[in-house]
Structure formats: structure tokens, C-alpha cells
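# Architecture and fold: a report
The residues making up each chain are set out below.
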Amino acid sequence: MFHSFKRAYPAKLALCMTLIAGLAACSAGGLSALGGKRTTSDSPFAPGVNTRKDAEDGVEVAHRLMHAGEYELAIRAFNRAALASELNAEILSGLGSANLGLGRLGQAESLLRDAVKKDETHPEVWNNLGVVLMESGKLAEAQLTFRKAYALDNGESDAIRDNLRLALAKSENSVTIPDQEDSYKLVRRGSGDYLVRPAS
């Protein structure tokens, strides 16, 4: 019995060594590493998150969606940005502008009024409120709002200056000036502006 165990021992040892080598191959890159270099496309699993790359700014994503006319998606992006940081004047202004793009004038006006209550120092927000007021037919209040935006901006923004000019022209001679609501420009905080055409 003792002799037969001695004879079987080398065979068992060889089997164990084979299994260990196989496991080592799997942990070092899988069996495919033995036959060639493994690529990402060979893996059935989704790639992992690259933690070294900075996350995309949520408000910037929302502004890009606004430029693309994707107002519903922009609203979702602004809401996500608000959850990640805070519901500030820029996000409220963006939400108001997106609602204007969808033709929801009441919601747009309410959000933009909240935005100017939160921060009265940004001409962009006053400008966007003026655009909504023009779309709602509140001409007198819209003019005052555009004047406020223009004064805060020191006349530096072409879009705000043009909006005020259009509002004044419309009030002075509304018979000969055709409907120009679609020409009013919304201004985003930072840089750039975009034209929103409300849904009919």
C-alpha cells in the first residue's frame, strides 16, 4: 500500500502543478494572453469608468442641448446639475429658457422671476426674462426689463442691445414693425447666446 502511494504521488504532483499554471495564466490576462494580445473588444464586459478624467460639467451639457434645440433633455440636464450643486440663478435661467423653447410661457416666466430674485446682478437673466415677457405680450414690462439688463451689462452685449432696440421699435411703431419675437436672443451666463423659437 505504501509503495503504490509513492508511485501515485508524482502523478498527483504533476496534475497540481498544471492546474496552478492554468490559474496563473487566467489571472495574468486570461487564456487569450497565451495566444496573443487581448484587446478591449475581446472582453464581454463594459469598459470601466475612467476616474482620471474630469466629469463633464452638467450646466455646460445643458447649454449644449439648448443650442441643439433639445429642450426636454436640457431641462433634465439642468435638473441633474441642480441636484449635484444648487439651484442657482444660472440653472433657473436655463430652465426658464428651455421651457420657453417648449412654448411653456407661464413656467418660463415663473422660473426666470425666481432667477432674478436669487441674483439681481446678472444681465443675462434679466435679458432672458425680457424675452419671455415679449413672447407673453407684456411689452411695457419687457422694455423695463431689457433696460435693466442693458444697464447692468454696460452695453457690452450685442444681443441685449439688439433686444432692447427691437422692443423699443415694436412699441413705437407696432403697426409697421412685423412680429419679431423670434428675433429676440436669449443670453447664457459666461459667453454666447442662442435663439429659441417657441413651439407653436
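Residues numbered from 1 in each chain as written. Predicted model: local features only at pLDDT ≥ 70, side-chain atom pairs only at ≥ 80, totals over all residues. Heavy atoms only, no water.

## Considering the environment of Asp 153
What counts here: Strands are runs of DSSP state E lasting at least 2 residues, helices are runs of H or I lasting at least 4, and numbering of each runs from the N terminus. Each residue gets one of three labels from its accessible area relative to the maximum for its type: buried under 20%, exposed over 50%, partly exposed in between, using a 1.4 Å probe on protein chains only.
The residue Asp 153 is located in helix H8 (residues 139-153) in this model. The buried category is assigned to Asp 153, whose relative accessible area is 13%. C-alpha of Asp 153 to C-alpha of His 122: the two residues are 31 residues apart in sequence and 8.0 Å apart in space.

## Section: the nonpolar core
Inclusion rule: Buried residues of nine kinds, namely Ala, Val, Leu, Ile, Met, Phe, Trp, Tyr and Cys, make up a nonpolar core once their side-chain atoms join them within 4.5 Å. The contact rule is simple, with two residues in contact once any of their heavy atoms fall within 4.5 Å.
If you look at the biggest cluster of nonpolar residues, it comprises 39 residues, and the most contacted ones within it are Phe 78, Ile 91, Phe 146 and Tyr 184. Elements with a contribution of two residues or more to this core: helix H3 (58-67), helix H4 (71-84), helix H5 (89-101), helix H6 (105-118), helix H7 (123-135), H8, helix H9 (158-172) and strand E1 (186-187). Once residues within four sequence positions are removed from consideration, Ile 91 is found in contact with Val 59, Phe 78, Ala 81, Ala 82, Ser 85 and Glu 86.

## Here we look at the UniProt feature "repeat: TPR" (unreviewed entry) in the protein
Basically, it comes down to this: UniProt positions are given in the numbering used here, feature names are shortened, and annotations may be inferred rather than shown by experiment.
In the numbering used here, UniProt assigns the "repeat: TPR" (unreviewed entry) feature to residues 123-156. Here residues 123-156 runs as 82% helix and 0% strand, with 10 Å between its end C-alpha atoms.

## Thoughts on the pattern of salt bridges
Basically, it comes down to this: Any carboxyl oxygen of Asp or Glu within 4 Å of a side-chain nitrogen of Lys or Arg constitutes a salt bridge here.
This structure, assessed with the given rule, holds 7 salt bridges. Measuring nitrogen to oxygen at the nearest pair gives 2.8 Å for the salt bridge that ties Arg 113 to Glu 109. With Arg 113 and Glu 109 both in helix H6 and 4 residues apart, this pair spans about one turn of that helix. With a relative accessible area of 26%, Arg 113 lands in the partly exposed category. The partner of Arg 113 in a salt bridge is Glu 141, and the shortest N-O contact between them spans 2.9 Å. Taken as a pair, Arg 113 in helix H6 and Glu 141 in helix H8 lie far apart in primary sequence, 28 residues in all. Look at Glu 141 and you get partly exposed, because its relative accessible area is 32%. The structure contains a network of salt bridges with shared partners spanning Glu 109, Arg 113, Lys 138 and Glu 141.

## Considerations on the side chain of Thr 145
Examined against the element boundaries, Thr 145 turns out to sit in helix H8. The class for Thr 145 is buried, based on a relative accessible area of 6%. When sequence neighbours within four positions are dropped, the list of residues in contact with Thr 145 reads Trp 126, Leu 129, Gly 130 and Leu 133.

## A closer look at the packing of aromatic side chains
The line we're drawing: Geometry of aromatic contacts follows a simple scheme: Phe, Tyr and Trp rings, the Trp one being its six-membered ring, pair when their centres are within 6.5 Å, and the pair is stacked under 30 degrees between planes, edge-to-face over 60, tilted otherwise.
Across all of its chains, the model carries 1 aromatic pair by this definition. Centre to centre, the rings of Phe 146 and Tyr 184 are 5.8 Å apart; their planes meet at 5 degrees, and the pair counts as stacked. With Phe 146 in helix H8 and Tyr 184 in the loop between H9 and E1, the pair connects residues that are 38 residues apart, well separated along the chain. The pair formed by Phe 146 and Tyr 184 is uniform in burial state, with each residue classed as buried.

## Some remarks on the packing of H7 against H9
Packed helix pairs are characterised by how far apart their axes lie and by the angle those axes make with each other. Using the following cut-off: Here an axis means a line fitted to C-alpha atoms, over the contact stretch when the element is a helix, while the angle between two N-to-C directions is reported on a 0 to 180 degree scale. Angle categories are assigned with fixed cut-offs, so that under 35 degrees is roughly parallel, over 145 is roughly antiparallel, 65 to 115 is roughly perpendicular, and the rest are oblique. Put simply, a crossing is left-handed when the front helix is turned counterclockwise from the back one by less than a right angle, and right-handed when it is turned clockwise. Only Asp, Glu, Lys and Arg are considered charged in this grouping, and only Ala, Val, Leu, Ile, Met, Phe, Trp, Tyr, Cys and Pro are considered nonpolar; every other residue, Gly among them, is considered polar.
Two numbers describe how H7 lies on H9: the axes approach to 11 Å, and their chain directions differ by 30 degrees. Taken as axis vectors, H7 and H9 run roughly parallel relative to one another. The crossing of H7 and H9 is left-handed. Contacts from Pro 123, Asn 127, Val 131 and Met 134 in H7 reach Ile 160, Asn 163, Ala 167 and Lys 170 in H9. Split by residue class, the contact of H7 with H9 holds 5 nonpolar, 2 polar and 1 charged.

## Remarks on unusual backbone geometry
Positive phi values are uncommon outside glycine, yet Asn 154 reaches one of about 60 degrees. Looking at the element boundaries, Asn 154 is found in the loop between H8 and H9.

## Things to note about H3
Selection criterion: As used here, the arc belongs to the directions running from the helix axis to the C-beta atoms.
Of all the positions in H3, only Val 59, Ala 62, His 63, Leu 65 and Met 66 are classed as buried. In a view along the axis of H3, the buried residues occupy a sector of 160 degrees, so they form one face of it. Phi turns positive, to about 80 degrees, at Gly 69, one or two residues after H3.

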